[in-house]
Each structure stands twice: as C-alpha cells, then as structure tokens.
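# Remarks on the overall topology
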Amino acid sequence: MTAAFRIAITSLFSLLIYCAPADAEQTRIAALINDTSNPYWKTLEDGLKDAAKARDIQMDIYALRNATDSEGQLNQCETALLKKPQAIIFAAVDAVNLGACLHKADASGIILIDIDGNIDEGRAQGMGVHVAFSVASNNYDLGKKAAEFTRDQKGKVLVIEGASGSQPGVLRVKGFKENLNKNLAVVSSQSADWDRLKAADITSRVLIQHPDLSVIFAANDTMALGAVEALRAANVGTVKVIGIDGSSDAVKSIKAGRLTASVAQLPYLMAKEAVEKADHYIHEHKPLSFHQYVPVLILDKAVFDQNTEPLLQYVR
C-alpha cells in the first residue's frame, strides 16, 4: 500500500466519521396528544415543540382530529413505533384500546410517559405496561380548588362532567363535589363529553328546571364557555361559572367579565416539563416517582388585574 493510498484511506475514514449524521445520536421522542382545535391541546403542542427545539430533540407529534377517536390514536401509536423513538409521551383517549400498542412499545424498550394524567400507576400495572412517570396536574386538586373558589356562595349547583370514563374528568368532579361547602347543593351532574355545544344544551335545560342556579362547574374550559353562552342567551347574569384548563379562550372570557374563573393547568409548562424529564430519563436512567405534578393556579379577573403572579408567564 503506497503512502498516498494510505493517506487517501485515512482521509476518507475521517470524513465518514465527521459526516456521520447528527440524527443518529439525536434524541427522538413521539407524542400522542388530543385534538389541537381545542386551545388546551394547541398550547400543550406549542410547549412540546418549544421544549424539543431548545434541547435539540427530534419531536414527532401526532394529534387527533376528534377528541374521542381512540381508534385513530391507536393507529397513530403504531405509526410512531415505525420511527423507533426512545420515548413516547402520550395522553390516552382510551388506555385500554391503546394498550396493545403500549405493550409493543414497552417490549421494545421505549420509555412510556403519561401526560395530563390519563392513566394512573395502578391501571398501568394492571395492564402489564410500565409507564415510567406521569407529568400532569393533580386532577382531584383541580376540582378541589374550584370548590374552594365557591366557598362564599350558596344555593344550587350544576356540574358538567367530561367524557364518561375519563380519568381526569372523574377526578376533577370528585374533587369538586367532595369539597363543596355545606351551603351549596348539586342539583344536576351530567356529561357533556368535553363538548361546548353539549354543555350549552345541558345548561339551557337545567335552567328551565332550576332558574335559581348559583354556580356551574365544568370539568374543562370548553364546556364552561358553552355554559356561559347558554346563560347569556337566557339573559341570566348572576351565575358563577368555573372551568378548568386556563385556555386562551377562557382567559379572554375572564378578562371580558363573562367566565368567572378557570383553574389553570398550564399545559405549556406541563409539556415543557414532560420533554425535559423525558430527556433526562433517557440519558440518566434515574427513576422518578410516578406522579410528577405541575403547579396550578386559579385565574379570575382580579389575578389578571393585579398581574403579580409568577405563573402567569405560562398562561397562553
């Protein structure tokens, strides 16, 4: 082998090493989230993208077109597996239906991370799936804080529930009902499937039976805003309406003096922490406690007028 040939080979080898694609070592994470036409999920998507960009992570986001499309989410999960991510951050529409894909991911060594509290540790274990941790608000406390916000009220309460069987929805309603003051009584509790129009319809019908309603609690802002619309259509302005999420539409309504309050989940912060904790877990392999709760705050007009709450920076 001539000296020139050896130099050429060495140079080529060095070039191959230098040109090895960065993507081969780049962290890849998939995220399965809900319908981003809902401002809550759009904000969460923005948080995922920004956090991934800041940490040079390849983020593949799969969002549903319909909030209850569990079959569509299963198909998205199967598609995500083809790209061999190191972790999947998921908000299960139906954990049982998604279970088959989660089993495949777990068996392949993909780290599973719940976001938004759609599956708890016991349920994951019962399914035989290892979920490393969950980044979410404490859904029971969200409902509890909404109840505490109404502590000075008295009279009749309408509760508008989320989708039947939804873990976050169930816990929010439980937290609200179990912490109501004794001067408030729930006269109706119905599911509106997270839907604005259904919530408006429920509110209109309950108003006919109970025109003296004092409080409406909705398990998310979309339904709370539906209730606000129904109250305005009926020319009823005395009912306090409290939602959950702190969505952009809810913030606008609060500032306009229509929606009374929202217990904000801060989905942008939730997404940011999910990506950062996932990245740390992938590279450090240090286990975390299952529940990684993010802070929440009650948003009402006074909070915005004072503008001193540090967590307001995460309200979108």
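Higher on the page you've got the structure.
Keep in mind that what you see is a predicted model, and the values were worked out from it rather than measured.

## Remarks on the layout of surface pockets
- Approximately 680 Å³ is the volume attributed to the largest pocket.
- Lining the largest pocket are 32 residues, and of these N34, A67, A163, D193 and W194 sit closest to its centre.
- When contributions to the lining of the largest pocket are tallied by element, the ones reaching two or more residues are helix 2 (39-54) and helix 7 (167-177).
- The greatest single-element share of the lining of the largest pocket, amounting to 3 residues, is contributed by helix 7.
- Looking at the lining of the largest pocket residue by residue, the classes come out as 10 nonpolar, 13 polar and 9 charged.
- Approximately 190 Å³ is the volume found for the second largest pocket.
- Every residue along the wall of the second largest pocket is listed here: V228, L231, R232, V236, G237, T238, V239, K240, V241, G257, R258 and T260.
- Listed by contribution, the elements that provide at least two residues to the lining of the second largest pocket are helix 9 (221-233) and strand 9 (240-245).

## A short note on the sheet that holds strand 7 (residues 184-191)
- Read from one edge to the other, the open sheet built from 6 strands follows the order 7-6-8-9-10-12, with strand pairing classed as mixed. Looking at the sheet topology across the chains shown, the edges are occupied by strand 7 and strand 12 (297-300). Each neighbouring strand pair of the sheet contributes to a mean axis angle of 20°, computed without reference to strand direction.
- Pairing between strand 6 (residues 155-161) and strand 8 (residues 213-218): 5 bridges, direction parallel.

About the thresholds
- Residues numbered from 1 in each chain as written.
- Predicted model: local features only at pLDDT ≥ 70, side-chain atom pairs only at ≥ 80, totals over all residues.
- Heavy atoms only, no water.
- 1 Å grid on protein atoms, 1.4 Å probe; cavity = no way out; pocket = protein on both sides within 12 Å on 5 of 7 lines; lining within 4 Å.
- Points joined across faces, edges and corners; volume = space filled by probe spheres on them.
- Helix = DSSP H or I, 4+ residues; strand = E, 2+ residues; numbered from the N terminus.
- Nonpolar A, V, L, I, M, F, W, Y, C, P; charged D, E, K, R; others polar.
- Pairing = 2+ DSSP bridges.
- Axes fitted to C-alpha atoms, helices over the stretch in contact; angles between N-to-C directions.

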